[in-house]
Amino acid sequence: MPKSYVITRVDILDPEAYAAYAAAATRAIADHGGKALARGGRCEALEGKARARNVVLEFDSYDAARRYFYSEQYQAARRLREGACEMEMVLVEGS
């Protein structure tokens, strides 16, 4: 079964609220078997518009990543970030 990746691109508008979200999301990621491969760090737009922060999470399967995202634990974390950022998040199955 191929691994899957949650890829998130973020511009933070409220650092304090985003920090609360990040702490809660980090716990949810760990509790659902996820692993951060990239979190923040240096980046550049090679094509298209860049976001200031990028996160790549790895999960053992597509279904495991979906369970993380739709879990009550992660949904509670999401509520903490309302209005704190502009974000895109996608789930991608690896090969």
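Structure shown above.
Heads up: these notes are all about the structure in this document.

1. Some details on the pattern of salt bridges
- If you walk through the whole model with that rule in mind, you get eight salt bridges.
- Glu 88 serves as the salt-bridge partner of Arg 9, at 2.7 Å between the closest nitrogen and oxygen. One end of the pair, Arg 9, is in strand E1 (residues 4-12); the other, Glu 88, is in strand E4 (residues 85-93), with 79 residues separating them in the sequence.
- The closest approach of N and O atoms between Glu 86 and Arg 51, which form a salt bridge, is 3.2 Å. Note that Glu 86 is positioned in strand E4 and Arg 51 in the loop between strand E2 (35-39) and strand E3 (53-59), a separation of 35 residues in sequence.
- According to the relative accessible area criterion, Glu 86 is partly exposed, its value standing at 42%.
- Via salt bridges that share partners, Arg 9, Asp 11, Lys 49, Arg 51, Glu 86 and Glu 88 belong to a single interconnected network.

2. So, helix H2 (residues 62-70)
- All of the buried residues in H2 are Ala 64, Ala 65 and Tyr 68. The buried residues of H2 occupy one face: seen down the axis, they fall within an arc of 100°. In H2, the exposed positions angled more than 90 degrees off the buried face are occupied by Arg 67 and Tyr 70.
- Tucked into the core, H2 has its buried residues touching E1, helix H1 (15-31), E3, helix H3 (72-80) and E4.

3. Quick word on the packing of aromatic side chains
- Counting across every chain of the model gives six aromatic pairs.
- Seen from their ring centres, Phe 59 and Tyr 68 are 5.1 Å apart, and the 25° between their planes marks the pair as stacked.
- Taking relative accessible area as the criterion, Phe 59 reaches 0% and is therefore assigned buried.
- Judged by its relative accessible area of 1%, Tyr 68 is buried.
- Both rings, one in Phe 69 and one in Tyr 74, keep their centres 5.5 Å apart while their planes meet at 40°; by these two values the pair is tilted.
- With a relative accessible area of 0%, Tyr 74 lands in the buried category.

Cut-off values and rules
- Once a new chain begins, its residue numbering starts again from 1 and follows that chain's sequence as written.
- Local features are withheld for residues below a pLDDT of 70 in this predicted model, meaning they are given only at 70 or higher, and side-chain atom pairs are given and counted only at 80 or more; totals for whole chains, interfaces and linings count all residues.
- As a convention, hydrogens and water are excluded, and side-chain values are obtained from all of the structure's heavy atoms.
- A side-chain nitrogen of Lys or Arg and a carboxyl oxygen of Asp or Glu constitute a salt bridge if their distance falls within 4 Å.
- Note on conventions: DSSP H or I runs of at least 4 residues are helices, E runs of at least 2 residues are strands, and numbering of each starts at the N terminus.
- Here the term buried applies to any residue with accessible area under 20% of the maximum for its type, exposed to any over 50%, and partly exposed to those in between, with areas from a 1.4 Å probe on protein chains only.
- Along the arc lie the directions from the helix axis toward the C-beta atoms.
- Here, residues are in contact when the closest pair of their heavy atoms is within 4.5 Å.
- Ring pairs shown here join Phe, Tyr and Trp side chains whose ring centres sit within 6.5 Å, with only the six-membered ring taken for Trp; geometry is labelled stacked below 30 degrees between planes, edge-to-face above 60, and tilted in between.

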